[in-house]
Amino acid sequence: MKLINCPINGVRPVSEFVFGGELREMPDPDQCSDADWATYVHHRNGAPGLKKEWWYHAPSGTWFIAERNTMTEEIVRTYLFGQEEEK
Amino acid sequence: MPYRLLKFALKKEHDEPRFFRALETPKKSYDAVIIGGGGHGLAAAYYLAKDHGITNVAVLERGYIGGGNTGRNTTIVRSNYLTPEGVNFYDASVKIYEGLSEELDLNLFYSTRGHFTLAHTESAMRTMRWRAEVNKHVGVESYVVGPDEIAKACPQLDLSCSGKAPILGALFHAPGSVARHDAVAWGYARGADRLGVEIFQNTEVTGIDVQGGKVAGVQTSRGYIATNRVLSAVAGFTPRVCKMVDVKTPIVIHPLQACVTEPMKPWLDTILVSGSLHVYVSQSSRGELVMGSSLDPYEVHSTRSSLDFVEGLTSHMLDMFPFLSNIKVVRQWAGMADMTPDFAPIMGKTPVDGFYLDAGWGTWGFKATPISGKTMAETIARDKAPELIHSFRLSRFEDYELTGEKGAASVGH
Ligand SMILES: Cc1cc2nc3c(=O)[nH]c(=O)nc-3n(C[C@H](O)[C@H](O)[C@H](O)COP(=O)(O)OP(=O)(O)OC[C@H]3O[C@@H](n4cnc5c(N)ncnc54)[C@H](O)[C@@H]3O)c2cc1C
């Protein structure tokens, strides 16, 4: 069974988690061009690599960030959003 | 016994006729280069040569032909989609498939079985009625049936699904078929090769040379090849190839898994799909049940299999067919599905001149192999996409003109 380390609840089975997609910077809708906004809305960085992703621990309602290699499925580290430095 | 067979049996040496030449050294340049020797790339090569007389074409395949999603899919061919664009497009593919064994002079085991999409809820019934009406309107044979007709077509099915999800009805789609996937790749490869197309296996494209916004050539593991026209038909590798030319797409890669049981005597004549139970199943000509389920829930770029998948799938199979409890699963595998947000493909031109895209085939692209090959060949030959694939263009995203295909494509295949 795959395990994920939830920053609040510790190591739990992957079935307790929901994938939330890659962490992405939202451009300022008032400043950016229509084309850049459409890119933000629709396009994704689909190529493999080490990515920062949103994950959700469903039983406790915890959203957090996991740094995961999307080729090997290895999770390098997990932390609450904004608390990257403290780890 | 035919005389030819007898003679063959008595011969000491049996030559193995090749389907296509075993080429190793590409030429310095081609009129067009196709990345990816899956069904789509090979079909595009075949129609470029056959329909448009463009034969100075190379197909480059990093592994072996048909070794990608083409050789990993559950081979369901159907056209009972939800949008008129989708139904028209897939119907054109079904029509080519019906005569394809003859055209390619190869038995593709194309077998029309009829296809039931089971509805376990009122809202699913509503979608079935909607699809039936759209299909009828476009001239495709689909209609809603009740439990009695399902029971007649498949008496082995527990209509209550172990009491968990009673079946209220289904969308029946008469042309629903299965075919032999490898043969589709080999048939197109042989056809293209005979017309002069060169196929290179174990040949990976590692970069695309773009000069002044135009394609000038490709870097490969067998050296540089000059060309002005490149088709990317690489399914699960699309984001990697698009990165080479900096073309942005919404495509994300999720594994899609499948498995087969040990062979049994033929008992399942039709193709059955249940969206609620996340199951689709047909019986192959070898007697195996070919089964698949929904996508893996997160992005992974690999073809690993998981126990979670077989456990989930088989428990739902047992809800439908309790008598299978002592039947064994003998093989499982995965492919990399190139998913789009609107469950429609991305086909046609891109912002880079001479770089054409045939992608976003996710969990549903095997059925489209012939028509995508044909329409992409036309796009490359004329540098203009035909009307049939206009709504699948990459620029639909910046135009906010997504298709509404999700309801018919998700688990249905
Ligand atoms: C488990 C599963 C079940 C499915 N079931 C169905 C179904 O029932 N019905 C249906 O219609 N569809 C189904 N699909 C979807 C279908 O299989 C695909 O959409 C379709 O086969 C895509 O064909 P293709 O030729 O575009 O891609 P592929 O067959 O994947 O071919 C792409 C090729 O490109 C090669 N390649 C990649 N990168 C490079 C490079 N840089 N250089 C050279 N070569 C490269 C790869 O090696 C590969 O061989 C299923 C998919 C899966 C995984």
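The structure displayed is predicted, hence computed values, not measured ones. (Residues numbered from 1 in each chain as written. Chains lettered and ligands numbered in written order. Predicted model: local features only at pLDDT ≥ 70, side-chain atom pairs only at ≥ 80, totals over all residues. Heavy atoms only, no water.)

1. What about the packing of helix H2 (residues 39-52) of chain B against helix H7 (residues 181-194) of chain B?
All names here are of chain B. Note the threshold: Only the stretch in contact is used when a helix axis is fitted, and all axes are lines through C-alpha atoms; the angle between N-to-C directions ranges over 0 to 180 degrees. A run of H or I in DSSP becomes a helix once it reaches four residues, and a run of E becomes a strand once it reaches two; helices and strands are each numbered from the N terminus. Angular relationships are summarised with four words: roughly parallel below 35 degrees, roughly antiparallel beyond 145, roughly perpendicular across 65 to 115, and oblique for the angles in between. Crossings are classed by handedness, with left-handed meaning an anticlockwise turn of the near helix from the far one by less than a right angle and right-handed meaning a clockwise turn. Here, residues are in contact when the closest pair of their heavy atoms is within 4.5 Å. For this scheme, ten residues count as nonpolar: Ala, Val, Leu, Ile, Met, Phe, Trp, Tyr, Cys and Pro. Four count as charged, namely Asp, Glu, Lys and Arg, and the remainder, Gly too, count as polar.
Between H2 and H7, the least distance of the axes is 8 Å, while the angle of their chain directions is 30°. On the basis of their axis angle, the class for H2 and H7 is roughly parallel. Read as a crossing pair, H2 and H7 show a hand that is left-handed. On H7, the residues that touch Leu42, Ala43, Ala45, Tyr46 and Tyr47 of H2 are Ala185, Tyr188, Ala189, Gly191 and Ala192. Broken down by class, the residue content of the contact of H2 with H7 amounts to 9 nonpolar, 1 polar and no charged.

2. Considerations on the sheet that holds strand S10 (residues 205-211) of chain B
Working definition: the strands of a sheet are paired by backbone hydrogen bonds and lie parallel or antiparallel to each other. Residues and elements named next belong to chain B. Basically, it comes down to this: The pairing criterion for strands is at least two bridges between them, as found by DSSP.
What the 3 strands build is an open sheet, ordered S10-S11-S12; its pairing is antiparallel. Looking at which strands have only one partner, the edges of the open sheet turn out to be S10 and strand S12 (223-226). Between one strand axis and the next, the sheet turns through 25° on average, direction left out of account.

3. What about helix H9 (residues 307-320) of chain B?
All names here are of chain B. Here is the rule: Here, expected helix span is obtained from the residue count minus one, scaled by 1.5 Å. Any residue under 20% of the maximum accessible area for its type is buried, any over 50% is exposed, and the rest in between are partly exposed; the area is computed with a 1.4 Å probe on protein chains only. Polar contacts, as used here, are pairs of N or O atoms within 3.5 Å; protein pairs need one atom able to donate a hydrogen and one able to accept it. Residues neighboring in sequence count only if both atoms are side-chain atoms.
Spanning 14 residues, H9 covers 20 Å between terminal C-alpha atoms, matching the ideal 20 Å at 1.5 Å per step. Among the residues making up H9, those that are buried are Phe309, Val310, Leu313, Met317, Asp319 and Met320. Each element contacted by the buried residues of H9 is listed here: strand S5 (115-119), strand S14 (252-261), strand S16 (279-283), strand S17 (289-292) and strand S18 (329-339). The opening residue of H9 is Ser306, an N-cap whose side-chain oxygen sits 3.4 Å from the backbone nitrogen of Phe309.

4. Structural notes on the UniProt feature "domain: Rhodanese" (unreviewed entry) in chain B
Rules: UniProt positions are given in the numbering used here, feature names are shortened, and annotations may be inferred rather than shown by experiment.
Residues given the UniProt feature "domain: Rhodanese" (unreviewed entry) here are residues 33-76 of chain B. Here residues 33-76 of chain B is 32% helix and 18% strand, with 29 Å between the C-alpha atoms at its ends.

5. A short note on the interface of chain A and chain B
Quick reminder of the rule: Once two parts are brought into contact, the accessible area they lose, counted with a 1.4 Å probe and summed over both, makes up the buried area. Here a salt bridge means any side-chain nitrogen of Lys or Arg lying within 4 Å of a carboxyl oxygen belonging to Asp or Glu.
Counting from both sides, the interface comprises 19 residues of chain A and, opposite them, 22 residues of chain B. Together, the buried faces of chain A and chain B total about 1700 Å²; carbon and sulfur atoms form 60% of this surface. On the chain A side of the contact with chain B, His42, His43 and Glu73 of chain A bury the most area, a combined 31% of that side's loss. Applying the counting criterion to the chain A and chain B interface returns 2 salt bridges. Counting the contacts that link chain A with chain B gives 9 residue pairs in polar contact (both at pLDDT 80 or more). Elements with a minimum of two residues in the side of chain A that touches chain B: helix H1 (34-42) and strand S4 (50-57) of chain A. Sort the elements by how many residues they give to the side of chain A that touches chain B and H1 of chain A lands first, with 5 residues.

6. Describing the packing of aromatic side chains
Residues and elements named next belong to chain B. Our working definition: Only Phe, Tyr and Trp rings take part, Trp by its six-membered ring, and two of them pair if their centres are within 6.5 Å. Stacked means planes under 30 degrees apart, edge-to-face means over 60, and tilted covers everything else. We count a charge as sitting over a ring when the NZ of a lysine or the CZ of an arginine lies within 6 Å of the ring centre and within 35 degrees of the ring normal.
Applying the stated criterion to the full structure yields 24 aromatic pairs over all chains. Judged by centre distance (5.5 Å) and plane angle (15°), the rings of Tyr97 and Tyr110 are stacked. Here Tyr97, found in helix H3 (residues 84-98), pairs with Tyr110, found in the loop between helix H4 (100-104) and strand S4 (111-112); they are 13 residues apart in sequence, far enough to count as distant. Like Tyr97, the residue Tyr110 is buried in the burial classification. Taken together, the ring pairs connect Tyr81, Phe89, Tyr90, Trp361 and Phe392 into an aromatic cluster. The ring centre of Phe109 lies 5.8 Å from the NZ or CZ of Arg180, which sits over that ring.

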